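Structure assessment
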Amino acid sequence: MTEIVALKNISKHFGTVIGVDNVSLTVEQGEFVTLLGPSGCGKSTLLRMIGGFEEPTQGGVVISGKDVTHLPPNKRPVNIVFQDYALFPHMSVGKNVGYGLRVGGMRRTEVAERASDALELVGLADRFDAKPHELSGGQRQRVALARAVVRQPKVLLLDEPLSALDANLREAMQVELKRLQRKVGLTFIMVTHDQTEALALSDRVIVMREGRVMQDGTPDVLYDRPSSSYVAGFIGTTNLFQGQVRGETLHALGHQLLVPKGLAPDGSMLTFGFRPEKAEILPLDAAAKGTLPATVTDILYHGNSARIVVDVSGVSLSIDQTIAGARHGSGLPEIGDRVQIAISPDRIMVLADEVAA
């Protein structure tokens, strides 16, 4: 693959506040990369430096082999989609989409043709003459996407593009956004704080915290092999607990769990974790080695599954169980039931950078 974006030791300071702290990363041609993290982690500042809306305090931005660190946005081969759409209310949809081309001096007939093609890409070819107020929120977002791709940028930047939509429309637009990216073959760099959105859309996810990159990887790697308890907690739900490895047992939560040999240095006191769907609830009298006796404290229904919250030695853990599976087995437990939690040894994650006190 061809490298399209390279950030080289880039930092941004706002007075004494460090917004982005010495970040280096590359993005390949055609990738869908997401910058993920909580508010204030530096993800939007990083995106704005790629787009030219912020100038780095130090470091460089290279796009398509050219150093663009000090170039304004209109001199970079990028375009950006904002969360508020930023459509001109007095202009038709077609004129909104073609505005940048028209300002750039392109002939009216060619502008109209390109705008029509872009609207067809997003499924709005029949709304060329409509005004923005006549469109739904999802349609306005599609117009914003059409306006961004009509200029044929090398990189499309998306700053929380779906945050203004309700849950159902947001999910539908996720499908549309991924379909559009595949169809046009552009490089997408998106900012979001929504972990589900990041996992669903991205080829790579970059998790940020306090201006730094905590982990950079594919969605499956971040979910199954997070590098720290921060990443594990931010990417999905994780049951975290501390314990000590002794041979092939993990002494934690007042009990002993089975773990693969060599999981961690013998005697090391570390933070461990497992995902809610990686464990199983068994009746208390079921004979099983290395299980955790627990008390059910809450049950949260999620449609085809339920999240069973249990107490193990004063620590609250969450276990996901399918409703169908429960119906064919012993059924869902009830609040107050005493049960056992069985965790497959190879499903326990080591978060070795988080040392217990």
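Residues numbered from 1 in each chain as written. Predicted model: local features only at pLDDT ≥ 70, side-chain atom pairs only at ≥ 80, totals over all residues. Heavy atoms only, no water.

A word on the pattern of salt bridges. Here the structure, examined in full by the defined rule, presents 12 salt bridges. With its nearest N and O atoms 3.8 Å apart, the salt bridge here joins K12 to E54. Placement of the pair is K12 in strand β1 (residues 3–14) and E54 in the loop between α1 (43–51) and β4 (58–63), with a sequence separation of 42 residues. Taking the shortest distance from any N to any O, the salt bridge between R179 and E176 comes out at 3.2 Å. Residue R179 and its partner E176 are located together in helix α5 (residues 167–184), separated by three residues, close to a single helical turn. The partly exposed category is assigned to E176, whose relative accessible area is 22%. Linked through salt bridges whose partners overlap, the residues forming this network are K12, R48 and E54. (Salt bridge = Lys/Arg side-chain N within 4 Å of Asp/Glu carboxyl O. Helix = DSSP H or I, 4+ residues; strand = E, 2+ residues; numbered from the N terminus. Buried < 20%, exposed > 50% of the residue type's maximum accessible area, 1.4 Å probe, protein only.)

Moving on to the UniProt feature "domain: ABC transporter" (unreviewed entry) in the protein chain. Within this structure's numbering, the places UniProt gives as "domain: ABC transporter" (unreviewed entry) are residues 5–235. Split by type, residues 5–235 is 36% helix and 27% strand. Its first and last C-alpha atoms lie 25 Å apart. (UniProt positions renumbered as here; feature names shortened; annotations may be inferred.)

Right, let's get into unusual backbone geometry. Positive phi, close to 55°, is recorded for Q152, a residue that is not glycine. Here Q152 lies in the loop between α4 (137–149) and β7 (155–159). Given a relative accessible area of 58%, Q152 falls into the exposed group. Its identity as a non-glycine residue notwithstanding, S313 has a phi of 55°, on the positive side. Looking at where S313 falls in the secondary structure, it is placed in the loop between β17 (305–312) and β18 (315–322).

This part covers the nonpolar core. Nonpolar side chains in soluble globular proteins generally cluster together in the buried interior. With 33 residues, the main nonpolar core has V97, L145, L156, L158 and L177 as its most contacted residues. Of all the secondary-structure elements, those providing two or more residues to this core are α2 (93–103), α3 (108–121), α4, β7, α5 and β8 (187–192). Per-element accounting of this core gives the leading share, six residues, to α4. Once residues within four sequence positions are removed from consideration, V97 is found in contact with A115, A118, L119, V143, A146, R147 and V150. Core analysis: the second largest hydrophobic core is formed by 28 residues, L257, I299, A306 and I348 among them. (Core = buried A, V, L, I, M, F, W, Y, C linked by side-chain atoms within 4.5 Å. Contact = heavy atoms within 4.5 Å.)

On to the sheet that holds strand β5 (residues 66–67), then. The sheet built from four strands is open, its strands ordered β2-β1-β4-β5 with antiparallel pairing. Lying at the two open borders of the sheet, with one neighbouring strand each, are β2 (17–28) and β5. Bridge analysis of β4 against β5 gives two bridges, and the strand direction is antiparallel. The residue bridging V62 from the neighbouring strand is D67, located in β5. Sheet strands touched by α1: β1, β2 and β4. Its angle to β1, the strand with the most contacts, is close to 120°. (Pairing = 2+ DSSP bridges. Axes fitted to C-alpha atoms, helices over the stretch in contact; angles between N-to-C directions.)

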